[in-house]
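Observations on the model geometry
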Amino acid sequence: MSSSILENLLGRLKGKSATIGIVGLGYVGLPLMLRFNEVGYKVLGIDIDPGKTKALNEGRSYIEHISSGSIQSALKKGFLATTDFSKAKDADALIICVPTPLNPYREPDLSFVLNTVDALVPYLRKGQVMSLESTTYPGTTDEELQPRIEKAGFKVGGDFFLVFSPEREDPGNPDFNTRTIPKVCGGVTPDCLKAGVALYDQVIDRVVSVSSTRAAEMTKLLENIHRSVNIGLVNEMKIVADKMGIDIFEVIRAAATKPFGFTAYYPGPGVGGHCIPIDPFYLTWKARAYGVNTKFIELAGEINSSMPHYVIGKVAEALNERGKSIKNSKILILGIAYKKNVDDMRESPPVEVMELLADKGAVIQYSDPHVPVFPRMRKHHFELKSVAVTAQLLKSMDCVVLATDHDKFDFALIRENADLIVDTRGRYREPAPHIVRA
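Predicted, not measured: the structure shown is a model, and the values here were computed from it. Residues take numbers from 1 onward in each chain, read along the sequence in its written order. Per-residue local features of the predicted model are confined to residues with pLDDT of at least 70, and side-chain atom pairs are confined, for both listing and counting, to 80 or more; whole-chain, interface and lining totals are unaffected and use all residues. Side-chain numbers come from the whole structure's heavy atoms, not from hydrogens or water.

1. Notes on the sheet that holds strand β9 (residues 330-334)
Condition: Any two strands with at least two DSSP bridges between them are considered paired. Per the convention used, a helix needs a DSSP run of H or I reaching at least four residues, while a strand needs a run of E reaching at least two, with both numbered from the N terminus. Convention adopted: a line fitted to C-alpha atoms gives each axis, helices being fitted over their contacting stretch, and angles between N-to-C directions are expressed from 0 to 180 degrees.
The five strands lie next to each other as β10-β9-β11-β12-β13, forming an open sheet whose pairing is parallel. The open sheet terminates on both sides in strands that have one partner only, identified here as β10 (363-367) and β13 (435-437). Here the average twist between neighbouring strands, direction ignored, is 20°.

2. Concerning the nonpolar core
Put simply, the rule is: Residue types Ala, Val, Leu, Ile, Met, Phe, Trp, Tyr and Cys, when buried and joined through side-chain atoms within 4.5 Å, form a set referred to as a nonpolar core. When a residue's accessible area, from a 1.4 Å probe over protein chains only, is under 20% of the maximum for its type it is buried; when over 50% it is exposed; and in between it is partly exposed.
Counting residues in hydrophobic clusters, the biggest one holds 79 residues, and the most contacted among them are I20, I22, M33, F36, I95, L124 and M130. The leading source of residues in this core is helix α7 (residues 190-201), at seven residues. Core analysis: the next-biggest nonpolar cluster, separate from the first, contains 28 residues, V311, A318, I333 and V401 among them.

3. A closer look at unusual backbone geometry
Look at K16: it is not a glycine, yet its phi comes out positive at around 65°. Mapped onto the secondary structure, K16 falls in the loop between α1 (2-14) and β1 (19-23). Despite not being glycine, N341 has its phi angle at roughly 70°, a positive value. Residue position: N341 is located in the loop between β9 and α12 (349-359). Looking at N341, the relative accessible area reads 29%, which means it is partly exposed.

4. Quick look at the packing of helix α5 (residues 111-120) against helix α6 (residues 140-151)
Here is the rule we go by: For classification, angles of less than 35 degrees are called roughly parallel, those exceeding 145 degrees roughly antiparallel, those between 65 and 115 degrees roughly perpendicular, and all remaining angles oblique. Put simply, a crossing is left-handed when the front helix is turned counterclockwise from the back one by less than a right angle, and right-handed when it is turned clockwise. Here a residue-residue contact requires only that any non-hydrogen atoms of the pair lie within 4.5 Å. Residues are sorted three ways: Asp, Glu, Lys and Arg are charged, Ala, Val, Leu, Ile, Met, Phe, Trp, Tyr, Cys and Pro are nonpolar, and all the rest, Gly among them, are polar.
In the contact formed by α5 and α6, the axes pass within 10 Å of each other and the chain directions differ by 15°. Comparing the axis directions of α5 and α6 gives the class roughly parallel. The chirality of how α5 crosses α6 is right-handed. The segment α5 lies against α6, with V113, L114, V117 and D118 engaging E144, L145 and R148. Classifying every residue of the contact of α5 with α6 gives four nonpolar, no polar and three charged.

5. Observations concerning the environment of P431
Within the fold, P431 resides in the loop between β12 (421-423) and β13. For the pair P431 and H381, spaced 50 residues apart in sequence, the C-alpha separation works out to 34 Å.

6. Remarks on the pairing of strand β8 (residues 207-210)
Remark: a regular strand shows side chains that alternate across the two faces of the sheet. Under the convention used in this document: The definition of a right-handed crossover adopted here requires that, viewed with the strands pointing away, the path from the first strand over the helix to the second runs clockwise.
The pairing of strand β7 (residues 183-187) with β8 spans four bridges and is classified as parallel. Across the sheet, the residue bridging to K183 is V207, located in β8. Crossover β7 to β8 through α7 is right-handed.

7. Things to note about the pattern of salt bridges
Basically, it comes down to this: We define a salt bridge as a side-chain nitrogen of Lys or Arg found within 4 Å of a carboxyl oxygen belonging to Asp or Glu.
For the structure on display, the rule yields 23 salt bridges. Across the pair D92 and R12 runs a salt bridge whose closest N-O atoms are separated by 3.1 Å. With D92 in the loop between β3 (80-82) and β4 (93-96) and R12 in helix α1, this residue pair connects regions lying 80 residues apart in the sequence. You can call D92 buried: its relative accessible area is 5%. For R12, a relative accessible area of 28% corresponds to the partly exposed category. Ionic pairing is found between E144 and R148, a salt bridge with its closest N-O pair at 3.0 Å. Placement of the pair is E144 and R148 together in helix α6, with a separation of four residues, close to one helical turn. For R148, a relative accessible area of 25% gives the class partly exposed. Each of the salt bridges in this network shares a partner with another, and the network as a whole consists of D142, E143, R214 and K286.

Right, dumping it as structure tokens:
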């Protein structure tokens, strides 16, 4: 019986007659929806935000690098967005793409994942495959999701299939997309893995199978911890180089000419996005349950999270040399997205810089061509709109902080008209008396 259930599911997935349910329509779920839709699957999108589902059903995108035209094309092919979780029963596959943040104590907050699964469980049926894509600690899929599904009367690996396949989206990266980024997949059982591979095989160029959901969960953490540790290293090197009067960006560019054994990472005002600032702490928390203290990983996290304070120190020092204090100074923040050329505000270090400056009494304005209005965020909010960067505006500012170096900025205009520039991204290669590296 169980083999016929699996074979039926595999047939529907491979024949593209299956309905795919994407739960969570953000930076991960929306591109995935478009990819499944593009190759011919019927796709159902589920999200708790009625604003998102309304926008999508009207053919409007709320993510800058995803066009409204692509949403309209998906609608013509049968895509539907809803807040109704009971529609999950119509899907053959359910892919969960919801946030996994940290709580105020830097501990994993699985509430989005668990609340989503609890909302889906009453509508699950035999012959479905569920894939969790949200980054989390090893053990989440088999310790948290599997018991919830089996409590509802299903046998995972028999009549219901469960996998973990971590998202690897890089918003705004023109070199890679959902189809071309290899997909790691691990199943609770071998049959679960077969279902997971069949799910992704039709839409991703390469699916990489691993032995378990825990191996897949650990793979995503290793990828992001690798980046966190190296960015922490180069941020610390930046501070040392600055004290020695050495340009760290010149050093990195020179080191990057070595054709082996070195990968260039660049410092900044911290690390942002939903992965690098958060994911390492999912592993450090879980490691403590095994009696392991992950000092190296935690140190990198501490260095990276301290960088906004380092920027504030450089701003204060630069203003002080001009006989000014942060309090009552007019400061323009250039770029508030977490990285260049995107509108993604998740865990954005420039926002923390803004908050720290505001707390010290600065009069803040910001300019970001990708973020016209400061969005509602879980942890931060400013009642501000992006201002146009003009010569007159620049001359009126006591300090301009280059926080995210979007290519749309006119860097020559900024250099020529700002009285003081604090450059956190190394955009200005030639030294000048009014440019301070941070």
